[in-house]
Amino acid sequence: GKNYDNQSLERSIEDALRLGCRRVDLFFMIGLPRQTPESVQQTVKYCGVLLREYNKNGNIRVHPYISPLTPFLDPGSRAFENPQQYGYKLFHRTLEEHRQALLAPSWKYMLNYETEWMNRDELVTSTYEAALGLNHLKVEYGLLKQREGRTIEIRIREAMSLMRHVDEILRVKNAQVREDRMNGLRARLRSANSNSVVC
């Protein structure tokens, strides 16, 4: 229910900086109504515009972030209470369903929603692609050092690889084979989860 256009956002940034704010963190979300994979990438490009405009002469004042609405569309929110009105499809409604979702092998299967414009796979893929794009921009504009950027890119790509492996394993019909393969992946999953990607 909070609608802001880019001009309003930029005016708020300018006002904050003019009044002495030394740093403005901007948080963009993935999984909003009418958002598509293409518009997520446009958001990353817009972050580049903001970085170019507000971070000059080594003075880094604007820090953009982008992440999905995870793991749940907030119970009690307007979209949760009336998902169809906002273009959402909910997978979990009760506390127990949400608790069970938290036991899923990856965050994709924890998501309690998808939208008319992006299914779960597209939400996940868009998130990782946005993280890679924003990571590149942060290195380019000096918010991250080259080495930090490389480390983050390796983590993002590892998370993408693990997601593909989990998807493949979950398609296996035989429960024992599925469990054995998942057990073989657990050490990599633990390592990846201890180094969560900061978008």
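All values reported here derive from a predicted model rather than from experimental measurement.

**With respect to helix α1 (residues 6-18)**
Given a rise of 1.5 Å per residue, 13 residues ought to cover 18 Å, and the 18 Å separating the end C-alpha atoms of α1 matches this to within 8%. Following α1 by one or two positions, Gly20 has its phi on the positive side, about 105 degrees.

**So, the packing of aromatic side chains**
Under the defined criterion, the tally for this structure stands at 4 aromatic pairs. When the ring of Phe27 is compared with that of Tyr65, the centres are 5.0 Å apart and the planes differ by 15 degrees; the resulting orientation is stacked. Placement of Phe27 in strand β1 (residues 24-30) and of Tyr65 in strand β2 (residues 62-68) is noted, with a sequence separation of 38 residues between them. When its relative accessible area of 59% is taken as the criterion, Phe27 is described as exposed. We classify Tyr65 as buried; its relative accessible area is 18%. Just above the ring of Phe80 sits the side chain of Arg93; from NZ or CZ to the centre is 4.6 Å.

**Here's the deal with the pattern of salt bridges**
Applying the stated criterion across every chain yields a total of 8 salt bridges. Two residues, Arg99 and Glu96, come together in a salt bridge whose shortest N-O distance is 2.9 Å. Taken together, the positions of Arg99 and Glu96, both in helix α5 (residues 95-101) and 3 residues apart, correspond to about one turn of that helix. Arg99 gets classed as partly exposed once you look at its relative accessible area, which sits at 44%. Put simply, Glu158 and Arg188 hold a salt bridge, and the shortest N to O gap is 2.9 Å.

**Some thoughts on the confidence of the model for the protein chain**
Chain-level pLDDT for the protein chain is 91 on average; 96% of the residues reach the 70-or-more range. Between the elements of the protein chain, mean pLDDT differs from a low of 84, seen in helix α9 (residues 175-194), to a high of 97, seen in strand β3 (residues 88-90).

**With respect to the nonpolar core**
Counting residues in each nonpolar core, the largest one holds 30 residues, and the members touching the most others are Ile13, Ile66 and Tyr113. Of all the secondary-structure elements, those providing two or more residues to this core are α1, β1, α2 (37-54), β2, α3 (78-81), β3 and α7 (120-140). By residue number, the principal contributor to this core is α2, which donates 7 residues. Other than its neighbours up to four places away in sequence, Tyr113 contacts Ile30, Gly31, Leu69, Leu73, Tyr88, Lys89, Leu90, Phe91, Arg120 and Leu123. Counting 11 residues, the second largest nonpolar core, distinct from the first, contains Tyr128, Ile152, Ile156 and Met163.

**Considerations on the packing of α7 against helix α8 (residues 146-170)**
Two elements in contact, α7 and α8, have axes separated by 9 Å at closest approach and are oriented at 170 degrees. By the angle class used here, α7 and α8 are roughly antiparallel. Contacts between α7 and α8 involve Asp121, Val124, Tyr128, Ala131, Leu132, Asn135 and Val139 from the first element and Gln146, Gly149, Ile152, Glu153, Ile156, Arg157, Ala159, Met160, Met163 and Asp167 from the second. The residue inventory of the contact of α7 with α8, partitioned by class, reads 10 nonpolar, 3 polar and 4 charged.

**Concerning the environment of Arg188**
With respect to the secondary-structure elements, Arg188 resides in helix α9. Put simply, Arg188 and Glu129 are 59 residues apart on the chain and 21 Å apart in space, counted from C-alpha to C-alpha. The residues contacting Arg188, other than those within four sequence positions of it, are Glu158, Ser161, Leu162 and His165. In this structure the side chain of Arg188 is engaged in a polar contact, spanning 2.9 Å, whose partner is the side chain of Glu158.

About the cut-offs
- Residues numbered from 1 in each chain as written.
- Predicted model: local features only at pLDDT ≥ 70, side-chain atom pairs only at ≥ 80, totals over all residues.
- Heavy atoms only, no water.
- Helix = DSSP H or I, 4+ residues; strand = E, 2+ residues; numbered from the N terminus.
- Expected span 1.5 Å × (residues − 1).
- Phe/Tyr/Trp six-rings, centres within 6.5 Å; stacked < 30°, edge-to-face > 60°.
- Buried < 20%, exposed > 50% of the residue type's maximum accessible area, 1.4 Å probe, protein only.
- Lys NZ or Arg CZ within 6 Å of the ring centre and 35° of its normal.
- Salt bridge = Lys/Arg side-chain N within 4 Å of Asp/Glu carboxyl O.
- pLDDT = per-residue confidence, 0-100.
- Core = buried A, V, L, I, M, F, W, Y, C linked by side-chain atoms within 4.5 Å.
- Contact = heavy atoms within 4.5 Å.
- Axes fitted to C-alpha atoms, helices over the stretch in contact; angles between N-to-C directions.
- Parallel < 35°, antiparallel > 145°, perpendicular 65-115°, else oblique.
- Nonpolar A, V, L, I, M, F, W, Y, C, P; charged D, E, K, R; others polar.
- Polar contact = N/O pair within 3.5 Å; in protein donor to acceptor, adjacent residues only side chain to side chain.

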